[in-house]
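Structure at a glance
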Amino acid sequence: MKTRFVGLGEGYAALFNAQRGGVLDPPWLAGRRDDAFARLQQSGLPTRHVEEWKYTDISFLAGQTPAAPVGDAVAVDPARLPMWHEDDLNIVLVDGRLQQELSPALESGLLEWARLGDLGKNPETTPVAAHPAALLHAAFVHDGVLVRIPANAQLARRVHILLLHASLTPHALLAPWVAIFAGANSQARVVITAYSLSDAACLHLPRVMVSADSESNLAISQAQLLNTQSWQLATSRVELQRDAHVAHLEAGLGAALARHDLTAVLLESGARVELNGLYALDGKRHADFHTLIEHRQPNCSSRQVYKGILAGKAAGVFNGAVRVFPGASGTDGYQLNKALLMSREAQMFSKPELLIDNDDVKCSHGATIGQINPQELFYLQSRGIPEAQARHMLARGFVEDIMFQQGDDRLRADLDGALDRYFAAHE
Amino acid sequence: MLRIKKLKARVKDGPEILHGITLTVNAGEIHAIMGPNGSGKSTLARILAGHPDYEVTGGDVHFQVNGEWQDLLGMEPHERAKAGVFLAFQYPVDVAGVSNVTFLLAAYNAIRRARKEPEADAFEFRELLVEKAALIDLDPSYLDRAVNLDFSGGEKKRNEILQMAVLEPTLAVLDETDSGLDVDSLRIVAEGVNRLHAAHRAVLMITHYQRMLNYITPQFVHIMMDGRLVRSGDAQLAHEVENRGYDWLKETA
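A brief structural summary. Each chain carries its own residue numbering, running from 1 in the written order of its sequence. Chain A is the first chain written and ligand 1 is the first ligand written, with later ones labelled in order. Whole-chain, interface and lining totals are the exception, using all residues; otherwise, since this is a predicted model, local features are given only for residues with pLDDT of at least 70 and side-chain atom pairs are given and counted only at 80 or more. Side-chain metrics rest on all non-hydrogen atoms present in the structure, leaving aside hydrogens and water.

**Regarding the overall build of chain A**
Strands here mean DSSP runs of E at least two residues long; helices mean DSSP runs of H or I at least four residues long; both are numbered from the N terminus. Secondary structure summary: chain A contains seven helices and 23 strands in total. Radius of gyration: over C-alpha atoms. The globule rule applied is 2.2 Å multiplied by the number of residues raised to the 0.38 power. Rg of the C-alpha trace for chain A: 21 Å, near the compact-globule value of 22 Å for 427 residues, within the 12% margin. When its C-alpha atoms are laid out on the principal axes, chain A stretches across 65 × 55 × 50 Å. For chain A, long-range pairs separated by at least 24 residues make up 85% of all intrachain contacts whose partners lie at least 6 apart in sequence. Total accessible area on chain A is roughly 16100 Å²; 48% of this is exposed by carbon and sulfur atoms. Residues counted as positive are Lys and Arg, residues counted as negative are Asp and Glu, and His and the chain ends are not counted. Where a charge lies is defined by one atom per residue type, namely NZ (Lys), CZ (Arg), CG (Asp) and CD (Glu). The distance from the centre of the 38 positive side-chain charges to the centre of the 47 negative ones in chain A is 4 Å. Only heavy atoms matter for contacts: two residues are in contact if any of them lie within 4.5 Å across the pair. Calculation of accessible area relied on Shrake-Rupley with a 1.4 Å probe; when residues are assessed, cover is drawn exclusively from the protein chains displayed.

Pasting the structure below:
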């Protein structure tokens, strides 16, 4: 008999009990937390014998002893962060907790906001999914921020939410919650960056909820720049109302193991969503991107392009599901997943899933796994560029189109900086 | 400047293509190698640049760098470029996601570093590029486009000449740079070659037709057939080939 789930170690119960009854615990949140932990204790964590986790093993986490991020931490001086821009609307969470004094955006008057613990009810309308990352987050969430972009507002400045990992405690468990509500006909650009200041391994369990009201236009970017010891299990849910448009970009450039389950729900007709991703892995690092797009109503479109650079013995997983509901005629769905293998031992697992319950749809998908083209490499070398640099230029070129998707030069420059560091580690 | 001795080569794991080429090119000279399709002209050009698809099976090639003779075949492709060799490709390669300016700045600075000259910053380099692009009638918008991607045949060849003009090699090897060019492009490309040509530089042109030689006058013309140089002469030889074809040389070879 294959073991499909392993029970959570006692460390989780100890941490859960220690954190119960904290100050930021309105009744709805406490109830949700107790419920999630009870479910988690019952289910345990999946092994690779569970289909959804076939390529990504998180069962080892069950035996770890997660810690509260208390004790020593790296001092946080946001202005010194590589991706800090003074004139963004900056909101900072450190080790899962909102830092108002480091978050001038909250006083800007341009946004409405609330601390999660101050809310009278759950900002999410859907119950916690039977998913280990969602349950872990719900059981261990400490704090979070809800940002509301007022209806008709056109935010000229970017909103930058920084999820900083500063704790020096090994295996610190961090579970920040970010909710973004964009009012009708609003327009905004939001970047969410997870970044490690600490070299200690943490277990990062962020949850991002985005709700785009009718005719809103959002660019949401999630950059994962954790240290390469850490583990991330992220869940995100993006909901779109009538004629809303969300361009989502994620960049997975850090962590030893990162899994992201990203669901986009096209709730009303005319909604459009783009999910783009880029990632770069080396060593024995592993990244798993699970996307699900639900076309629930007619005449919605979705487009997703994920591209990864895999070096060393790294492994990438892309599982992209598109679900078209019976009434969703006129659906237009497109999915492309490309991987560039920089070494013989690197691996990519790609699995598209089209679940279509309607005849009047246009859905296509494609996947390619390739290597550096030797003719391109020689061309660059023949102009004086050494092989390693030429390979890096070509790999950088491979993700170039993704970098441009958000039309955000600042983000692109920041991601380029992170990619430069990635390539520099291979010279 | 370039000494090729009894060079034999083949496509990796394939039959031998070059059966012993001997050729000396001195500084200041322009040489043309002509010959029918499949004679091995392009193979020679690619081997000089270090193309990975080919394998040298005999002979040697030496190249003079700052007065010193060096073993060209022992160098990596990028080292050959730094030593002053430039190959204008017969089929320039598209490189998606890498802009012309990014590519050329990386190449320019790699070569500057090797020459112990200060590197250029992106801003001053762009000025240089715009100036050089104007000389070959290439719209500056091409500088920000991906290398050769969706360029027409003539634009690709002009882009090769732009690269040559920027990198200022001492030996320019032009592999059928004239093929597929309209008259205007041919003139522009030839002017680019003539502008570069100087007493301390040499040009080795691989060509199928004589028409390029109406714009660039070589001192030496060599005819390659079946992997061998079967005849050498002056520019007059090119005209003879133009009039009589190659077959008459086969009999004398």
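**Quick look at helix α3 (residues 132–140) of chain A**
We call a residue buried when its accessible area falls under 20% of the maximum for its residue type, exposed when it is over 50%, and partly exposed in between, using a 1.4 Å probe and counting protein chains only. Burial analysis of α3(A) places nine of its nine residues in the buried class, the great majority of the element. Three or more residues of α3(A) are buried, namely Pro132(A), Ala133(A), Ala134(A), Leu135(A), Leu136(A), His137(A), Ala138(A), Ala139(A) and Phe140(A).

**Overview of the interface of chain A and chain B**
If you look at the interface, chain A gives 17 residues, while chain B gives 33 residues. Reported buried area values correspond to the accessible surface (1.4 Å probe) lost by two parts on association, with both partners' losses combined. Of the roughly 1900 Å² buried between chain A and chain B on both sides combined, carbon and sulfur atoms contribute 67%. When the buried surface of chain A facing chain B is broken down by residue, Phe378(A), Tyr379(A) and Arg383(A) rank first, second and third, together holding 42% of it. Any carboxyl oxygen of Asp or Glu within 4 Å of a side-chain nitrogen of Lys or Arg constitutes a salt bridge here. The tally of links from chain A across to chain B stands at one salt bridge.

**With respect to unusual backbone geometry**
Backbone geometry places His171(A), a non-glycine residue, at a positive phi of 60°. Within the secondary structure, His171(A) sits in the loop between β7 (159–165) and β8 (172–174). Its identity is not glycine, yet Glu176(B) carries a phi of approximately 45°, on the positive side. Looking at the element boundaries, Glu176(B) is found in the loop between β9 (171–175) and α6 (183–196).

**Focus: the environment of His142(A)**
All names here are of chain A. For His142, the location among the structural elements is in the loop between α3 and β6 (144–149). In the structure, His142 is positioned 113 residues away from Leu29 in sequence and 9.8 Å away in space, judged by C-alpha atoms. Pairs of N or O atoms are called polar contacts if they sit within 3.5 Å, as long as, within protein, a hydrogen donor faces a hydrogen acceptor (for residues adjacent in sequence, only side-chain-to-side-chain pairs). Side-chain polar atoms of His142 contact the backbone oxygen of Leu173, separated by 3.4 Å.

**Concerning the packing of helix α5 (residues 153–167) of chain B against α6(B)**
All names here are of chain B. Contact geometry of α5 with α6 gives a least axis separation of 10 Å together with a crossing angle of 10°. Classified by the interaxial angle, the pair formed by α5 and α6 is roughly parallel. Between α5, through Gly154, Lys157, Arg158, Ile161 and Met164, and α6, the contact on the second element is made entirely by Ser185, Ile188, Val189, Gly192, Val193 and Leu196. Polarity classes work like this: nonpolar for Ala, Val, Leu, Ile, Met, Phe, Trp, Tyr, Cys and Pro, charged for Asp, Glu, Lys and Arg, and polar for all others, with Gly in that last group. The residue makeup of the contact of α5 with α6, split by class, is six nonpolar, three polar and two charged. In this description, a line fitted to the C-alpha atoms serves as the axis of each element, helices being fitted only across the stretch in contact, and the angle between N-to-C directions of two axes falls anywhere from 0 to 180 degrees. Working rule for angles: under 35 degrees goes down as roughly parallel, over 145 as roughly antiparallel, 65 to 115 as roughly perpendicular, anything else as oblique.

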